[in-house]
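# Structural description and commentary
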Amino acid sequence: MDRRKKLEDYLEEYRKKRGEEKRERLKEQENQMFSAMEGGFKLLIEKHGRKQREEGENRVNYVFLCRLLSSSYTDSREIVLGMSDSFLYLDEGKSLVFWSLPVLYEGIEEDMAQVRKLLQKSFIRLEEFELFYIKKKLLDDNWEQFQDSVSFLAGQAAGVLEHSGILLEDEVIFLYGNYMDDMKIAGTLRRKKDGEEADYVPYGR
């Protein structure tokens, strides 16, 4: 067995407990997270609105919040905020901004120091590439726990989008996941007729 897998298995209980604690902290900080996100989202709206004025139409059909798969390797810690017309996977109707969320990575170095102590009890001579592998796993855990807060963030963003003045489709679908990979639905902004305010409906409701 690859020793990295042995290290990963050894830390299973630690990661489970850490994950529960991280999830709770993120849930408690959802309002702060949206405050940090709001500026980037308004910039995205402005950017896409300019595209609509210059190129015509490009009504918003999708809004997405994605992790860059390369961020764990480059330590860039960037998240993509984007919106597009109905052709989600084509660049022409898409607008993007890059954003970071410090709370998502808060305490990672302290966690790695704890991991090193735990591993040194049973493993001799830890290699840097092994520790890098474990750090990536912890960052993956953080992203997994963060996803429990995405529906709340999408709901807040939907309120901003509805009153932004840019052109929207009757349904705007909010997505999250790995960038241009298998994304999941967080919820949908459904516009009503007769000038009534739109409703944001979390996925599954």
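Criteria and cut-off values
Residues numbered from 1 in each chain as written. Predicted model: local features only at pLDDT ≥ 70, side-chain atom pairs only at ≥ 80, totals over all residues. Heavy atoms only, no water. Helix = DSSP H or I, 4+ residues; strand = E, 2+ residues; numbered from the N terminus. Buried < 20%, exposed > 50% of the residue type's maximum accessible area, 1.4 Å probe, protein only. Salt bridge = Lys/Arg side-chain N within 4 Å of Asp/Glu carboxyl O. Expected span 1.5 Å × (residues − 1). Arc of directions from axis to C-beta. Contact = heavy atoms within 4.5 Å. Core = buried A, V, L, I, M, F, W, Y, C linked by side-chain atoms within 4.5 Å. Phe/Tyr/Trp six-rings, centres within 6.5 Å; stacked < 30°, edge-to-face > 60°. Lys NZ or Arg CZ within 6 Å of the ring centre and 35° of its normal. Pairing = 2+ DSSP bridges. Axes fitted to C-alpha atoms, helices over the stretch in contact; angles between N-to-C directions.

## Points about the overall build of the protein
Within the protein, the regular secondary structure consists of eight helices and six strands. Counting from the amino terminus, helix and strand elements in the protein follow one another as α-α-α-β-α-β-β-α-α-α-α-β-β-β. In terms of its C-alpha atoms, the protein occupies a principal-axis envelope of roughly 70 × 30 × 25 Å. Counting the 205 residues in the protein, one finds 48% classified as buried.

## As for the pattern of salt bridges
Summed over all chains, the structure comprises 18 salt bridges. Of the charged contacts in the structure, one is a salt bridge between arginine 23 and aspartate 148, with a shortest N-O distance of 2.5 Å. Within this pair, whereas arginine 23 is found in helix α2 (residues 12-28), its partner aspartate 148 is found in the loop between α7 (128-146) and α8 (150-162), the two being separated by 125 residues in sequence. Its relative accessible area of 30% is what places arginine 23 among the partly exposed residues. Residue aspartate 148 is classed as partly exposed on the basis of its relative accessible area, which comes to 39%. Salt-bridge contacts for arginine 116 lead to glutamate 128; the nearest nitrogen and oxygen are separated by 3.9 Å. Of the two residues, arginine 116 is situated in helix α6 (residues 108-120) and glutamate 128 in helix α7; the sequence distance between them amounts to twelve residues. Taking relative accessible area as the criterion, arginine 116 reaches 33% and is therefore assigned partly exposed. The class of glutamate 128 is exposed, set by a relative accessible area of 57%. One continuous salt-bridge network, built from bridges that share partners, spans Glu8, Arg15 and Asp141.

## What to know about α2
Over its 17 residues, α2 runs 25 Å from end to end, which matches the ideal 24 Å to within 8%, given 1.5 Å per residue. Of the residues making up α2, those classed as buried are Tyr14, Arg15, Arg18, Gly19, Lys22 and Leu26. Each buried residue of α2 sits inside an arc of 125° when the element is viewed along its axis, so together they form one side. The outward face of α2, more than 90 degrees from its buried face, is lined by the exposed residues Glu13, Lys16, Lys17, Glu24 and Glu28. Of the surrounding secondary structure, the elements contacted by the buried residues of α2 are α1 (3-10), α3 (30-55), α5 (102-105), α6 and α7.

## Some words on the nonpolar core
Membership of the largest hydrophobic core comes to 51 residues, with the highest contact counts inside it found for Phe41, Met83, Phe146, Leu161 and Phe174. The residues contacting phenylalanine 174, other than those within four sequence positions of it, are Val63, Ala154, Ala157, Ala158, Leu161, Lys184, Ile185, Ala186, Gly187, Leu189 and Tyr200.

## Quick word on the packing of aromatic side chains
The geometry of two aromatic rings is summed up by the distance between their centres and the angle between their planes. Taken as a whole and assessed by the stated rule, the structure comprises four aromatic pairs. Measuring from ring centre to ring centre gives 5.4 Å for tyrosine 10 and phenylalanine 123, while their planes differ by 90°; the resulting arrangement is edge-to-face. Of this pair, tyrosine 10 sits in helix α1 while phenylalanine 123 sits in the loop between α6 and α7, and the two are 113 residues apart along the sequence. Residue classification places phenylalanine 123 among the buried positions, given a relative accessible area of 15%. On the basis of an interplanar angle of 35° and a centroid distance of 6.4 Å, the ring pair of phenylalanine 64 and tyrosine 179 is categorised as tilted. With phenylalanine 64 in strand β1 (residues 60-67) and tyrosine 179 in the loop between β4 (168-178) and β5 (184-190), this pair connects stretches of sequence that are 115 residues apart. The residue whose ring lies beneath arginine 4 is tyrosine 133, and the NZ or CZ to ring-centre distance is 5.1 Å.

## Considering the pairing of strand β2 (residues 79-84)
For β2, the buried fraction is high: six of the six residues fall into the buried class. Both faces of β2 are covered, namely the face carrying Ile79, Leu81 and Met83 and the face carrying Val80, Gly82 and Ser84.

## A few points about the sheet that holds β1
For sheets, the rule is that strands pair by backbone hydrogen bonds, running either parallel or antiparallel. Spatially, six strands are ordered β3-β2-β1-β4-β5-β6 in an open sheet, and the strand pairing comes out mixed. A single partner strand is all that each edge strand has here, and the edge strands are β3 (94-99) and β6 (199-202). The mean angle between the axes of side-by-side strands here comes to 15°, regardless of whether they run parallel or antiparallel. By the bridge criterion, seven bridges tie β1 to β4 in an arrangement that is parallel. Residue valine 60 lies in a different strand from β4, and its bridge partner there is leucine 168. Against the sheet, α3 makes contact with β1, β2 and β3, and its axis sits at roughly 150° relative to β3, the strand it touches most. Along the sheet face, α8 touches β1, β2, β4, β5 and β6 and points at about 150° away from the line of β4.

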